[in-house]
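Examining the three-dimensional arrangement
The residues making up each chain are set out below.
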Amino acid sequence: MKDSARARTGLRHRLATLFLVGLTACGGCQKTDAERAAKERAEIDQRLRDSVALVPYRALKLTVRAEDDPRAPEEVALLWKALEETRALPDKPANDEVTRAAARAYLDLGIAFYKARKTLQTRDEDEFPLLWTRWASSGASLPMPSYDAGQEHAFLAAVLLALDAAEKSDRIPATELVFYELSRATPAPTWPAPLRAAVQASRGTAFCQAGYHYAAEEELTGFLTETERLPPEAFPAIQQGTPAQSREAVLAAAHFLRAWNRMGLKRERAAEDDIEQGLRSLQTLGVENELTWWGWAFIHTRRGRYEEAAASLDKLAASPYLEETERREVHASAESLRKHGDSLPLFQQTRATVLLGRTLLARAGGLEHVLTVLLGPDRAQRLYAPLVWMDRVRQRTAKLSPEQVAQGAGETLDRAREVGNRGWKALQDRLDKSTAQDSPP
């Protein structure tokens, strides 16, 4: 009996030891946020290395910056010459001769694309003068004393981020272009502190929008920490506001951006805390609109303050920018909350984001007005004009085979197969997918 008892005791000890070892091993399998963020950053770097969308974009920038420079690579200039020749081609060739000419033009474009991609592996746009020096009038001063290539990349990233948010047809491969510009926007010690923080905000927003939430969390937390550290006098006064008000507005934006990302991480409580902090910053600034009414309704509901939540929804329902059906739905949600409902039905739907975005855009005067204010009437009108042309180029180029492209570039059949596997085939797959998304049902 004693031997049997000792055996059972020994077995229990061994099982307990194995259980503890198993727990330790499982704990070691759990990656930290920093490890997950590092993995996402490595994926972003690989995505940039493999991107075919970057080739024409980088080639265009290099061509503009290297204009009239004897060091300019010929292959890049030839790519844009071939691309320009497709501009006048008709959507539907009228006869066989025009059809053959169009096919030849697009084949020439594919060959030029392939050669330019090889060149861009060794040549870089930052070898040449800034875009600002090409576009600004003669004798114009720099936008700011510390303006350099990194800042130019940062400004272009911000513009592309705005385009990516506004243009949802996937005709502009903005995500990879933004990643590229941000990868080159390395802050220098001479940069103003708010600009350094703004680059972190852009990087965090871009990562979040593309689904890299752990990397975004690092960037957005850094943006918020840096903004909190800076004194009010570090921020510019905007319109009739003060530097302190500018700082408060940036803090609100930082909290809202991080809340958006934390929702993607399924960390709802942390996201709610950020939303409430952002709303309090807006309250300090005296800002009240559809976004703040929705935000307070959401926070009050999550905190169990149902009457306050209903009152916020009443204000939202009174907005003149809501349609009648939406107004009724908001009212219904308010009444549900007054009965101590534990959810906010309207805002569990994805379209609530669209509703809020549309009402805020309407309050600003509509997209056309916003673009006109930001860009001027002529630039706003021309903003999307090249899209139809580029979409046609994409569809025609997608019909080329990798063998045609590589052989046209003077490569062997074996090299053609390699191009098909690693380069042009990837481009064709991307173009076929994008064209399918853009085609009407």
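Reading the values: rules and limits
- Residues numbered from 1 in each chain as written.
- Predicted model: local features only at pLDDT ≥ 70, side-chain atom pairs only at ≥ 80, totals over all residues.
- Heavy atoms only, no water.
- Helix = DSSP H or I, 4+ residues; strand = E, 2+ residues; numbered from the N terminus.
- Buried < 20%, exposed > 50% of the residue type's maximum accessible area, 1.4 Å probe, protein only.
- Areas by Shrake-Rupley, 256 points an atom, 1.4 Å probe, with all protein chains shown as cover.
- Axes fitted to C-alpha atoms, helices over the stretch in contact; angles between N-to-C directions.
- Parallel < 35°, antiparallel > 145°, perpendicular 65-115°, else oblique.
- Left-handed = near helix turned anticlockwise from the far one by under 90°.
- Contact = heavy atoms within 4.5 Å.
- Nonpolar A, V, L, I, M, F, W, Y, C, P; charged D, E, K, R; others polar.
- pLDDT = per-residue confidence, 0-100.

Within the protein chain one finds 22 helices and zero strands. Of all 441 residues assigned to the protein chain, the portion counted as buried reaches 40%. Surface exposure of the protein chain reaches about 24700 Å², of which carbon and sulfur atoms provide 56%.

One can describe the packing of helix H4 (residues 74–85) onto helix H5 (residues 96–119) by two numbers: an axis separation of 8 Å at closest approach and a directional angle of 155°. Considering the angle they form, H4 stands roughly antiparallel to H5. By crossing handedness, the relation of H4 to H5 is classed as left-handed. For the pair H4 and H5, the contacting residues are Glu75, Val76, Leu78, Leu79, Ala82 and Leu83 in the first and Asp108, Leu109, Ala112, Phe113, Lys115, Ala116 and Thr119 in the second. Among the residues forming the contact of H4 with H5, the class breakdown is nine nonpolar, one polar and three charged.

Across the protein chain, the average pLDDT comes to 75, with 66% of residues at or above 70. The lowest-confidence element of the protein chain is helix H16 (residues 351–363), averaging 44 in pLDDT; the highest-confidence one is helix H10 (residues 213–229), averaging 96. When the criterion is pLDDT under 50, residues 419–424 qualifies, and its contacts beyond four places in sequence or with other chains add up to 19 contacts. The model gives residues 430–441 a pLDDT under 50, and that stretch makes 16 contacts with residues more than four places away or in other chains.

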